[in-house]
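Architecture at a glance
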Amino acid sequence: MIVYFDTGAFDHIYRKIGCSSADIANLRKAIYGRQLSIRLSLHTLEEILLGRRVSPQAFAAQIKLTLSLASSRTLVKACGPLVTDDIRAYAARGEAERPFLPGDMQNAVADGISTLIESDGEEMEEDFLAVLERARHDKQQFFAMLMHTGQAAETISAPSPGWASFDHYFDAAALPILDSLAGYAGVSDGCRERGLDGLGQIKSVQMTARAALAVCLDQRGAGALTS
């Protein structure tokens, strides 16, 4: 089974918040037994290493623990590029892009982690730091994308009492949101030609569209639909 943890999960494991040493041992057993494979996001490293007021040794130790649970050899992209790359790939080829960092960035991260661990957290390579700063910037761009998409969601009529579920409502209301996302990525024509319904089948795009619609419904006080 391949799983993806929220970025804060590794911090909780490191601090043993809501889990015990025995729980961590069981998690390792599942990973080493290949029952479980945890994907690591660039945002996980960014949140551990940027803006933390802890000693270099502390975040080096946290990185070591994180890498003992999840491999850094295939890091998942930052959220903004993940979605926009998928939208542009759909417009060009009708399929999602690979979710992992390109080779040059992956190499910068690998070299940076090695230096960080070898120096016990005292040294941070400039290329590695630049990748982490870019990830933080990309996260803000993703939030801007959600705000942009939320404006399209606001034009959609609120669900009537006849709508039984959020899924039912989303299926009927998704097209303006998907069109807005395609426009944000600069490939409206390509996505329309291939079909916005198909764009909505791309997992990262559907997640973003659903998040935008859910926020809009919550702001309207119409969040009682079940998922």
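Residues numbered from 1 in each chain as written. Predicted model: local features only at pLDDT ≥ 70, side-chain atom pairs only at ≥ 80, totals over all residues. Heavy atoms only, no water.

**Notes on unusual backbone geometry**
- A positive phi angle, near 60 degrees, is found at R34, a position not held by glycine.
- If you check the backbone angles, D120 has positive phi at about 55 degrees while not being a glycine.
- Residue position: D120 is located in the loop between α6 (103-118) and α7 (126-153).
- Overall, the relative accessible area of 34% leaves D120 in the partly exposed class. (Helix = DSSP H or I, 4+ residues; strand = E, 2+ residues; numbered from the N terminus. Buried < 20%, exposed > 50% of the residue type's maximum accessible area, 1.4 Å probe, protein only.)

**Focus: helix α3 (residues 42-49)**
- By the criterion of burial, α3 is predominantly enclosed, with seven of the eight residues buried.
- Those residues of α3 that fall on the buried side of the exposure criterion are L42, H43, T44, L45, E46, I48 and L49.
- For α3, the elements touching its buried residues are α1 (7-15), α4 (56-69), α5 (79-93), α6 and α7.
- Two or three places before H43, at the opening of α3, S41 has a side-chain oxygen 2.9 Å from that residue's backbone nitrogen.
- The positive-phi residue at the C-terminal boundary of α3 is G51, with phi of around 75 degrees. (Contact = heavy atoms within 4.5 Å. Polar contact = N/O pair within 3.5 Å; in protein donor to acceptor, adjacent residues only side chain to side chain.)

**As for the side chain of T7**
- For T7, the location among the structural elements is in helix α1.
- At 3.0 Å, the side chain of T7 and the side chain of E47 are in polar contact.
- Excluding its chain neighbours within four sequence positions, the residues that come into contact with T7 are H43, T44 and E47.

**Comments concerning the environment of L116**
- Assignment of secondary structure puts L116 in helix α6.
- Once the C-alpha coordinates of L116 and D127 are considered, the two residues, 11 residues apart in sequence, prove to be 12 Å apart.
- Apart from residues lying up to four places away in sequence, L116 is in contact with L49, F59, I63, G121, E123 and M124.

**Some details on the pattern of salt bridges**
- Throughout the structure, instances matching the rule amount to 10 salt bridges.
- Close ionic contact of D167 with R210 constitutes a salt bridge, the shortest N to O distance being 2.7 Å. Remark: R210 occurs in helix α11 (residues 203-220) and D167 occurs in helix α8 (residues 166-184); sequence separation between them is 43 residues.
- Connected via shared salt-bridge partners are E46, E47, R136 and K139. (Salt bridge = Lys/Arg side-chain N within 4 Å of Asp/Glu carboxyl O.)

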